[in-house]
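# Structural overview
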Amino acid sequence: MDIIQKVRKIFQQNELDFKRQLQNVCALLKTQKEHFDWVGFYLVDQSKKNLRLVAYSGEPTQHERIPFGKGICGQVAESNQVFIVPDVAAENNYLSCSPKVKSEIVYPILINDKNVGQIDIDSHKKNAFDSNDERLLKNICHTVTKYFPSNFVI
Ligand code: SME
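Residues numbered from 1 in each chain as written. Predicted model: local features only at pLDDT ≥ 70, side-chain atom pairs only at ≥ 80, totals over all residues. Heavy atoms only, no water.

### Describing the environment of F36
Secondary-structure assignment places F36 in the loop between α2 (18–32) and β1 (38–45). Its relative accessible area of 1% is what places F36 among the buried residues. In sequence terms F36 and S57 are 21 residues apart; their C-alpha atoms lie 9.8 Å from each other. (Helix = DSSP H or I, 4+ residues; strand = E, 2+ residues; numbered from the N terminus. Buried < 20%, exposed > 50% of the residue type's maximum accessible area, 1.4 Å probe, protein only.)

Structure representation (structure tokens):
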């Protein structure tokens, strides 16, 4: 079974609520990919114009809420574009979770062109992410949209 099939299987577990499903996806990705040291889902809170961390696997972070425009995540909330950061030390608009983190990728989750959240992955290695990761995250975010509850309230 490939990773996407495993992700689908997690979302088909109806006894788990959506946040728990996202948490299981984080844990799956972190164990399957050696260079994924922290994996989290931030979802958009439109009323507060910020992102809220709803599930993660890795060390706890102080960035549980991120205003639109702040950091890599906040920039993706406004651009709706994938953002690969080969070296976090070279970024001015960056929020550090841990000095161990050296590179990052953030991929937006879009439903009908509307940004509902994103997946954020940190690595302890510089330049850890490439187009294969981008493709994988594209597929994962697409899968998330298929199972995103229409009545989900953050
Ligand atoms: N580095 C992110 C903040 C989230 S942590 O990586 C968990 C940013 O700059 O938005």
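Text resumes after the structure shown.
### A look at the packing of helix α1 (residues 3–11) against α2
With their axes 9 Å apart at the nearest point, α1 and α2 run at an angle of 155° to one another. Taken together, the axes of α1 and α2 are roughly antiparallel relative to one another. Of the two possible hands of crossing, α1 and α2 adopt the one that is right-handed. Where α1 approaches α2, its residues I3, K6, V7, I10 and F11 are matched on the opposing element by F18, Q21, L22, N24, V25, L28, L29 and Q32. For the contact of α1 with α2, a count of residues per class yields 9 nonpolar, 3 polar and 1 charged. (Axes fitted to C-alpha atoms, helices over the stretch in contact; angles between N-to-C directions. Parallel < 35°, antiparallel > 145°, perpendicular 65-115°, else oblique. Left-handed = near helix turned anticlockwise from the far one by under 90°. Contact = heavy atoms within 4.5 Å. Nonpolar A, V, L, I, M, F, W, Y, C, P; charged D, E, K, R; others polar.)

### Section: the environment of P67
Secondary-structure assignment places P67 in strand β3 (residues 65–67). Once residues lying within four places of it in the same chain are set aside, the contact partners of P67 are K49, N50 and G74.

### Some remarks on the pattern of salt bridges
Applying the stated rule across the entire model yields 5 salt bridges. Measuring nitrogen to oxygen at the nearest pair gives 3.9 Å for the salt bridge that ties D87 to K126. Taken together, the residues span a long stretch of sequence, with D87 in the loop between β4 (83–85) and β5 (103–111) and K126 in the loop between β6 (114–123) and α4 (131–147) at a distance of 39 residues. According to the relative accessible area criterion, D87 is partly exposed, its value standing at 23%. Classification of K126 by relative accessible area gives exposed; the value is 55%. Within this structure, D45, K48, R52 and R65 form a network of salt bridges that share partners. (Salt bridge = Lys/Arg side-chain N within 4 Å of Asp/Glu carboxyl O.)

### Remarks on the site of the ligand
Around the ligand, the neighbouring residues are W38, Y42, I66, G71, I72, C73, Y94, L95, C97, E104, D120 and D122. Burial of the ligand by the protein amounts to 100% of the accessible area it has alone, namely 310 Å². For the shell around the ligand, the secondary structure elements donating two or more residues are β1, α3 (71–79) and β6. In terms of residue count, α3 provides more of the shell around the ligand than any other element does, 3 residues in total. Residues that form the shell around the ligand fall into these classes: 8 nonpolar, 1 polar and 3 charged. (Near = heavy atom within 4 Å. Areas by Shrake-Rupley, 256 points an atom, 1.4 Å probe, with all protein chains shown as cover.)

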